[in-house]
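Residue strings, one per chain:
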Amino acid sequence: MGLNWHPSDDLLADYGAGTLAEGWSLAMASHLAMCPDCRAAAIALDAIGGAALDSLPAVPMTDSALDYALSAIQDARQQQPEPPRPASPNAVLPPPLADYVGGDVDAIKWRSIGGKVRQCILPTTDGKASARLLTIPPGTAVPEHTHSGQEIILVLQGSVVDGDAVYGPGDVQQADADVTHMPAAGPGDVCICLLVTDGPLKFTGLLPKLAGLFAKL
Ligand SMILES: [Zn+2]
């Protein structure tokens, strides 16, 4: 069964080029592990990038040019993310997330952030985007908010409902400073999702107590 919500092509291209901060890269690798369509698109984008290089005009080369080109290719290879591995059918966490956590959901060290919402921060080495796993009981909402930066939610279990949109396991919700929304965990299974942000959330609704809770994010 295909997924309904995918990351933007820009994000996919930046992931393939290896230019994303670690938090975004983790979200992309995790989505790719869960999404055959985006895995195929990533491979196609990679091929287009290679073809574009092939079509560059030939220039006379000095002896050192080849060494230079080879070392540039080597550098580019080292920066490129690992090719995505598909998620195993019984695991909740796709391989890139399981690597961070050291296992599947049972290995996640949850900390309560109030109510029944719990989080597990995933440390990133570059500190440019913060990544965390959240577990949210069915029907519980994140207060309405906008963003000072970018936000990605990747659903891993259960669902996230936002307006008319329903996001299931593997689906990605991408939001930025232009979006005001109030996502909530849908009915059924407890929602587990990955949240990546590069700026604090700004709350606009009238739920100061809950907002205070989520302001710690
Ligand atoms: Zn996808």
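Use the structure listed above.
Here goes a summary of the coordinates provided. What you see is a predicted model, and the numbers here were worked out from it, not measured in a lab.

**Comments concerning the side chain of R132**
Within the element layout of this structure, R132 appears in strand β3 (residues 130–136). No salt bridge is formed by the buried R132; the nearest opposite charge belongs to E151, separated by 8.8 Å. Here S130 takes part through its side chain, which lies 3.2 Å from a polar atom of the side chain of R132.

**What to know about the coordination of the zinc ion**
Binding of the zinc ion to the protein goes through H6 (ND1), H31 (NE2), C35 (SG) and C38 (SG), at separations of 2.0 to 2.4 Å. What the four donor atoms of the zinc ion show is an angle range of 98 to 121° at the metal, which sorts the shape as tetrahedral.

**Structural notes on the pairing of strand β10 (residues 191–197)**
Of all seven residues making up β10, seven are buried, and the element is well covered by its neighbours. Every second residue of β10 is oriented toward a common face, with C191, C193, L195 and T197 on one face and I192, L194 and V196 on the other, all of them buried. One ladder, built from seven bridges, connects β3 with β10; its direction is antiparallel. If you follow L134 over to β10, its bridge partner there is C193. With six bridges joining them, strand β5 (residues 151–157) and β10 adopt antiparallel strand pairing. Across the sheet, the residue bridging to L154 is L194, located in β10.

**Examining the sheet that holds strand β6 (residues 160–162)**
Reading across from one edge, β7-β6-β9 is the order of the three strands in this open sheet, with antiparallel pairing throughout. Two strands in the sheet have a free side with no partner beyond their single neighbour: β7 (165–167) and β9 (184–185). Here β6 runs beside β9; their pairing, made up of two bridges, is antiparallel. Within β9, the position partnered with V160 by the bridge is A185.

About the cut-offs
- Residues numbered from 1 in each chain as written.
- Predicted model: local features only at pLDDT ≥ 70, side-chain atom pairs only at ≥ 80, totals over all residues.
- Heavy atoms only, no water.
- Helix = DSSP H or I, 4+ residues; strand = E, 2+ residues; numbered from the N terminus.
- Buried < 20%, exposed > 50% of the residue type's maximum accessible area, 1.4 Å probe, protein only.
- Lys, Arg positive; Asp, Glu negative; His and termini not counted.
- Salt bridge = Lys/Arg side-chain N within 4 Å of Asp/Glu carboxyl O.
- Polar contact = N/O pair within 3.5 Å; in protein donor to acceptor, adjacent residues only side chain to side chain.
- Donors = N, O, S within 2.8 Å, 3.2 Å for Na, K, Ca; no water.
- Tetrahedral: all angles 85-135°; square planar, octahedral: opposite > 155°, others 65-115°.
- Pairing = 2+ DSSP bridges.

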